[in-house]
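A closer look at the structure
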Amino acid sequence: MEASAPGRRRRRGWRRARGAGCALSWTAVGLVLSAFVARASPPVGYFIRFPRGFRLTQETVKIVGSSSFPVKVYVMLHQKSPHVLCVTPRLRNSEMVDPSFQWHGPKGRIISENSTAQVTSTGSLVFQNFEEGMSGVYTCFLEYKPTVEEIVKNIQLKYLIYAYREPHYYYQFTARYHAAPCNSIYNISFEKKLLQILSKLVLDLSCEVSLLKSECHRVKMQRAGLQNELFFTFSVSSLDTEKGPKPCVDHNCESSKRLSKAKNLIERFFNQQVEVLGRRSEPLPEIYYIEGTLQMVWINRCFPGYGMNTLKHPRCPECCVICSPGSYNPRDGTHCLQCNSSLAFGAKACL
């Protein structure tokens, strides 16, 4: 499911540029246009979640249980979990004499010496590097005395701990160009040149451009004859790792921010093609961008085995949550079908 960004009214006539454009892509625009000037045709959208990129020491985040219902906890894949406390909100603010904590997970009892899941001296459960297989039901058995004189009390707290990961999101663009005859080699050469320029345009942002589809069609114009048009569909996505010897920790390195900048650069690039052609006194080249045809879709998808479900995970609506705690099998690539597509702009689905 995809929601297209509202497109501008398509105009096939070229207008003169209004104001000077940014010089960032003038050279690139010139290369696209000059590549085929020689062939000019005759005139014619109980959980604590922080914004992406926000880094907070997980030890400062503590989650308490409930004696009435299981508490859902969401832990980002391969990250340290918050402290899951073996107390209720009332007990957290009360004294407990000789408390005893015992945790059990999907694989049995958890001991404090466990390398991946640790139980602190105060009974908190902490995961150091959360994996898919750690998702599941966790139960804490607490024994304590409210006072020295009173008898021992027992309480059982359940938590549903889910692994989640950031979605794979990218921008998908479509654009149309007036083209040479559909069987012409010039169209193929132009396609390669355009992809090279777009890729170079976003390279410094650690983003990449991928061609999804390129087709040539003959289009009957309104009150006019037939003309050849190239239909380009390409995606712009963030690279998984940053370039360079050190990982990127700056807030501006967050993939969503880099993608947004890349989107702006590409939109500016196509707008500048309009401006350059509007200033031409010579006949138009045979291959040129058709003004107003650039369309963009923001696609937000979960990886296999993960999905979005606002009904099941209302406190984590934008999380790609593991489908079934304790049952995910990366070997068979179990797919998740619990997706949500309620955002007004963008598309969400399982891959």
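Read on for an overview of the structure.

Cut-offs and rules
- Residues numbered from 1 in each chain as written.
- Predicted model: local features only at pLDDT ≥ 70, side-chain atom pairs only at ≥ 80, totals over all residues.
- Heavy atoms only, no water.
- Patch = residues over 30% accessible without salt bridge, like charges linked within 9 Å, V, L, I, M, F, W, Y side chains within 5 Å.
- Areas by Shrake-Rupley, 256 points an atom, 1.4 Å probe, with all protein chains shown as cover.
- Salt bridge = Lys/Arg side-chain N within 4 Å of Asp/Glu carboxyl O.
- Helix = DSSP H or I, 4+ residues; strand = E, 2+ residues; numbered from the N terminus.
- Pairing = 2+ DSSP bridges.
- Disulfide = S-S within 2.5 Å.
- Buried < 20%, exposed > 50% of the residue type's maximum accessible area, 1.4 Å probe, protein only.
- Phe/Tyr/Trp six-rings, centres within 6.5 Å; stacked < 30°, edge-to-face > 60°.
- Lys NZ or Arg CZ within 6 Å of the ring centre and 35° of its normal.

**Remarks on a nonpolar patch on the surface**
- The grouping of Ile185, Tyr186 and Ile188 at the surface amounts to a nonpolar patch, some 290 Å² of accessible area in total.
- When you line up the elements, Tyr186 lands in helix H3 (residues 185-202).

**Regarding the pairing of strand S8 (residues 136-145)**
- Here strand S4 (residues 97-105) runs beside S8; their pairing, made up of 6 bridges, is antiparallel. The residue of S8 that forms the bridge with Trp103 is Cys140.
- The pairing of S8 with strand S9 (residues 153-165) spans 9 bridges and is antiparallel. Paired with Thr139 across the bridge in S9 is Lys158.

**As for the state of the cysteines**
- Taken as a whole and judged by the stated rule, the model has 4 disulfides.
- Paired through a disulfide, Cys182 and Cys216 show a sulfur-sulfur distance of 2.1 Å. Its S-S torsion of approximately -75° makes the covalent link between Cys182 and Cys216 left-handed. Of the two residues, Cys182 is situated in the loop between strand S10 (168-178) and H3 and Cys216 in strand S11 (residues 207-220); the sequence distance between them amounts to 34 residues.
- On the accessibility criterion, Cys182 (35% relative accessible area) is partly exposed.
- Relative accessible area serves as the criterion here: at 22%, Cys216 is assigned to the partly exposed category.

**A look at the packing of aromatic side chains**
- One pass over the full model with this rule turns up 14 aromatic pairs.
- A connected cluster of aromatic rings, assembled from ring pairs, spans Tyr171, Phe173, Tyr177, Phe190, Phe232, Phe234, Phe269, Phe270 and Tyr289.
- A cation over a ring is seen here: Arg165 above Phe303, with NZ or CZ 4.2 Å from the ring centre.
- Over the ring of Tyr306 we find Arg165, and its NZ or CZ is 5.5 Å from the ring centre.

**Some words on the pairing of strand S14 (residues 295-302)**
- Summarising burial for S14: 6 of the 8 residues are buried, a large majority.
- Relative to S14, S10 runs antiparallel, the two being bridged by 7 bridges. Bridged to His168 within S14 is Arg301.

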